[in-house]
Amino acid sequence: MATTNGAVENGQPDGKPPALPRPIRNLEVKFTKIFINNSWHESKSGKKFATYNPSTLEKICEVEEGDKPDVDKAVEAAQAAFQRDSPWRQLDALRRGQLLHQLADLLERDRAILATLETMDTGKPFLHAFFMDLEGCIKTFRYFAGWADKIQGRTIPAGNSIPALSSGHVFVQQIRPGIFADFSIPVFVVFFFFFFFFFFFFFFFFFFFFFFFFFFFHVKFLFVCVYNNVVCFTRHEPIGVCGAITPWNFPLLMLAWKLAPALCCGNTVVLKPAEQTPLTALYLGSLIKEVGFPPGVVNIVPGFGPTVGAAISSHPQINKIAFTGSTEVGKLVKEAASRSNLKRVTLELGGKNPCIVCADADLDLAVECAHQGVFFNQGQCCTAASRVFVEEQVYGEFVRRSVEYAKKRPVGDPFDAKTEQGPQIDQKQFDKILELIESGKKEGAKLECGGSAMEDRGLFIKPTVFSDVTDNMRIAKEEIFGPVQPILKFKNLEEVIKRANSTDYGLTAAVFTKNLDKALKLASALESGTVWINCYNAFYTHAPFGGFKMSGNGRELGEYALAEYTEVKTVTIKLNDKNP
Amino acid sequence: MSSPAQPEIPAPLANLKIQYTKIFINNEWHDSVSGKKFPVINPATEEVICHVEEGDKADVDKAVKAARQAFQIGSTWRTLDASERGRLLNKLADLMERDRLLLATMEALNGGKVFANAYLADLGGCIKALKYCAGWADKIHGQTIPSDGDIFTYTRREPIGVCGQIIPWNFPLLMFIWKIGPALACGNTVIVKPAEQTPLTALHMASLVKEAGFPPGVVNIVPGYGPTAGAAISSHMDIDKVAFTGSTQVGKLIKEAAGKSNLKRVTLELGGKSPCIVFADADLNMAVEFAHHGVFYHQGQCCVAASRIFVEESVYDEFVKRSVERAKKYVLGNPLTAGINQGPQIDKEQHDKILDLIESGKKEGAKLECGGGRWGNKGFFVQPTVFTNVSDEMRIAKEEIFGPVQQIMKFKTIDDVIKRANNTSYGLAAGVFTKDLDKAVTVSSALQAGVVWVNCYMVLSAQCPFGGFKMSGNGRELGEHGIYEYTELKTVAMKISQKNS
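Residues numbered from 1 in each chain as written. Chains lettered and ligands numbered in written order. Predicted model: local features only at pLDDT ≥ 70, side-chain atom pairs only at ≥ 80, totals over all residues. Heavy atoms only, no water.

- An unreviewed UniProt entry lists chain B under the name Retinal dehydrogenase 1, from Microtus ochrogaster.

- Where an unreviewed UniProt entry is consulted, chain A appears under the name aldehyde dehydrogenase (NAD(+)), with the organism given as Microtus ochrogaster.
- Here is the UniProt Sequence similarities (unreviewed entry) comment for chain A, exactly as written: "Belongs to the aldehyde dehydrogenase family." (UniProt positions renumbered as here; feature names shortened; annotations may be inferred.)

Right, dumping it as structure tokens:
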């Protein structure tokens, strides 16, 4: 008879993270060259640049420094790989998906190596790199792997929806009784065009009598243009060669956000990693080759923004550019795109993100989320919660608990498992943050803790909390990109909505409340691409991400990302009217 | 590097052992409640391969209980991330790839299927379909909707619940995957009844489901007969949806039982009498080849079989000549032997029904060009048969034959052939052969069929929906539409104080 019921011997897949992983000490950096056509190249100029470990300020290694001629070479390879009938263009969509799955498998295999490299190059805590950055990468590749064969065009019932047009006379008779009644929109629009055309160019030269004569004549002409018996369908085709410029705060993750949808849709890619953090991108180049992507599909040119970045954004043979970085550079990228070949542009830029804590919120949750929201990754997040608005009844308590949290935040060696905060990325960022902290002090904000660099070490900054911050202070207006939490006070919803929206940025916002109506009201009132309710930095590869206003153009992730990497082609076929 | 080349076809597994013959419930193997077993036959030799536990209502009840338990709110399966469901399906596909040779051998042995076809087409199709469905798991989106009033509205696509799935014997493994793939991607739990003729591959799949790590109760497999286990599923009060592939006659019973019991959702993939229209301007070689495979593939045992071929009169004779030549080239024999193109029919009942229909064709005045009888004296083989001068009212032009019998008819005008092609209560598939753009598109729109193939035939891929017009079915399988057949749509409307665009 039956054996035992419901033995959970292999029940649920193990959702727990693996036992604490270890970084790889003395990791040798193997890949430092320019990756084009699945092989490694030296820079044409012969130049190299150094990449540093921001936590020790020691040089890790030198990397080939790309420039315009190297970008040209990469574009040539990417274009060749995108030629009609190329292996890449002929691949079954399902197979493209499988390649992305295999890439995810290799990322999983080399997860510890990549997380170690990422920590060496960025100074981010190793466990964050391992569990957040790498996890995000792997999931992103797997998610888009599944989309590859689901990018569907449509067939569209065009043409025969206007039966009155089957004869010009019928058309005219129908519209005469009430010119604007009973009209399908497209015909109405076309008609309007003609109307204004005549109005401006002929009205002063002819009488009304002539006007009507010409109108009748042109309606007949219009009838000739509107076909009755057509088949119409769309194809969603890859755009072509896509440039991608990635930032230094999440080097591998931001690369995955660009590479996965681009490849999923069948594009080819020329990628520039940030000059501060090129190592994981180059390692990924070796995995691309190992998986067996055809040569030229992915090309990686390390180098600097004004040289490689500029060459990509103004390249006449690059069809699309995706950039993540500062708003200032984002504007340059879009300008260069417009000046050169009107390439498609998606931008993920800066933010000055409001985090609104209502008095009815779960205060423990709000304090913790707001704290992580601004201090995560040393504050170097475009989504950083750098304007925390707290309702006045709970303001004092919120500040008190936030300061406690900040004081406890372990700062130190990013390879130490206990460390939550490492160094800032480089001297320039470090100086800028300290300068903003000084401005906060001068402009009258109350420094609750931190406020300076760590005494003994290079680029480390103490977790800093300011209270009594007002909207006109620089720390409440400018993106700080460092471990600095400005806390502001508000009295009512309408006021906080106005203040939260009073910025050129519009990337993310967060709301803490238990009240359903308030939550939904704020969710719709806030001008930002993402609103988190009772959570923060809740990223999913399934959900689109991007900015309102000057925080960006377009969206990454989710199904929406596919639209950013495809061109829609409408195909219309006129059929013979004689057939049934 | 285009799509990977077709894999080399290995030799079938020499000493196949049948390991799994019991009822699979809650990731465990069970004997039937009644204690009964039934024999599984090799149709090429008429020998018994093994005996399998015979499920009945009591076993179905047990399976439903397990499936319901696995679907409880808060269960492991319900709380799993959607992307994890996708990973499990991908893993199942990998395990199928590992056991590909074994599964293909079993399918050929039990289903009388030519081994090369089983290995390439059936297994290849299964693995791709599973991977396709795996990708959907975390992409089944609801919508937010700008409803009137101060209301915030969104939709959720939720799994339906416990799904009963009844599988036919012609593509036992492929139809099994077409059913469980979308159902599991959406988060349902399933009770599968494989056909009584061909339960073996489904039971092997059960072991892989367990190995992949699906929680107990998510997939349950109850082998047995239609009037007992099948009827228990379709009339069960605690099954929320039933999907069936099989004959139109049984499909009607299933929908009726669903109506009489709990109005469970029903999808049906049923019979066909699919027209294949060859215009004079077509590439004739290509048309002959596709039409031939369209009807003779897998001994004619395909619901999409091209069993009414309409040929324009100016090329009729040439088409017939080449088709007969093509049919005569067939080598019949044991489907596990290399070089064989045609195996046996599935069982005696089918075999006899086909021979009866062939007789009717002869009697009603069609011209027999070749074949027309049984082949050999062991196994259920039928000679490849071609009839010409077939007219629309003959039984062979109206009834589904499900055997290697090709009917070739003549037509004069496009209007005439459209009318005749549509003059059937079936509407599953259709083929059109022409080089003329206009004819191709016009005829495709005019035909009443769920799938129209232009200058090709029997092209099925997981990305495309498949299903029938009229009495060939309800609903669609595979593609995005096939996924939605396994979801309930829930609208959530929330009152808010004030809406804004």
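From this point, things continue past the structure.
## Considerations on the pairing of strand 4 (residues 47–53) of chain B
Residues and elements named next belong to chain B.
Alright, step 1. Relative to strand 4, strand 3 (residues 37–42) runs antiparallel, the two being bridged by six bridges. Each bridged residue has a counterpart across the sheet, and for Asn 42 the counterpart in strand 4 is Glu 47.
Alright, step 2. In textbook terms, the turn of a hairpin is the stretch between consecutive antiparallel strands, and for strand 3 and strand 4 this stretch comprises four residues, one of which, Glu 46, has a positive phi near 65 degrees. (Pairing = 2+ DSSP bridges. Helix = DSSP H or I, 4+ residues; strand = E, 2+ residues; numbered from the N terminus.)

## Digging into the nonpolar core
Nonpolar side chains tend to gather and get buried jointly when the protein is soluble and globular.
Alright, step 1. Formed by 180 residues in total, the largest nonpolar core has its most connected members in Phe293(A), Met96(B), Phe214(B) and Phe319(B).
Alright, step 2. The contacts of Phe293(A), once residues within four sequence positions are left out, are Asn38(A), Trp88(A), Leu99(A), Leu100(A), Leu103(A), Leu263(A) and Ile288(A). (Core = buried A, V, L, I, M, F, W, Y, C linked by side-chain atoms within 4.5 Å. Buried < 20%, exposed > 50% of the residue type's maximum accessible area, 1.4 Å probe, protein only. Contact = heavy atoms within 4.5 Å.)

## Digging into the environment of Lys432(A)
Residues and elements named next belong to chain A.
Alright, step 1. Turning to its location among the elements, Lys 432 is positioned in helix 15 (residues 427–442).
Alright, step 2. The exposure class assigned to Lys 432 is partly exposed, which follows from its relative accessible area of 34%.
Alright, step 3. In this structure the C-alpha to C-alpha distance between Lys 432 and Ile 480, which are 48 residues apart in sequence, comes to 7.8 Å.

## Re the UniProt feature "domain: Aldehyde dehydrogenase" (unreviewed entry) in chain B
Alright, step 1. UniProt tags residues 29–492 of chain B as "domain: Aldehyde dehydrogenase" (unreviewed entry).
Alright, step 2. With 42% helix and 20% strand, residues 29–492 of chain B has its two end C-alpha atoms placed 41 Å apart.

## Focus: the pattern of salt bridges
Residues and elements named next belong to chain A.
Alright, step 1. Counted according to the given criterion, the structure contains 58 salt bridges over all chains.
Alright, step 2. In this structure, Lys 518 and Asp 360 form a salt bridge, with 3.9 Å as the shortest nitrogen-oxygen distance. Of the two residues, Lys 518 is situated in helix 18 (residues 516–525) and Asp 360 in the loop between strand 12 (354–357) and helix 13 (363–375); the sequence distance between them amounts to 158 residues.
Alright, step 3. On the accessibility criterion, Asp 360 (27% relative accessible area) is partly exposed.
Alright, step 4. We note a salt bridge from Arg 474 to Glu 435, for which the minimum N-O separation is 3.1 Å. Of this pair, Arg 474 sits in helix 16 (residues 474–477) while Glu 435 is found in helix 15, placing the two residues 39 residues apart along the sequence. (Salt bridge = Lys/Arg side-chain N within 4 Å of Asp/Glu carboxyl O.)

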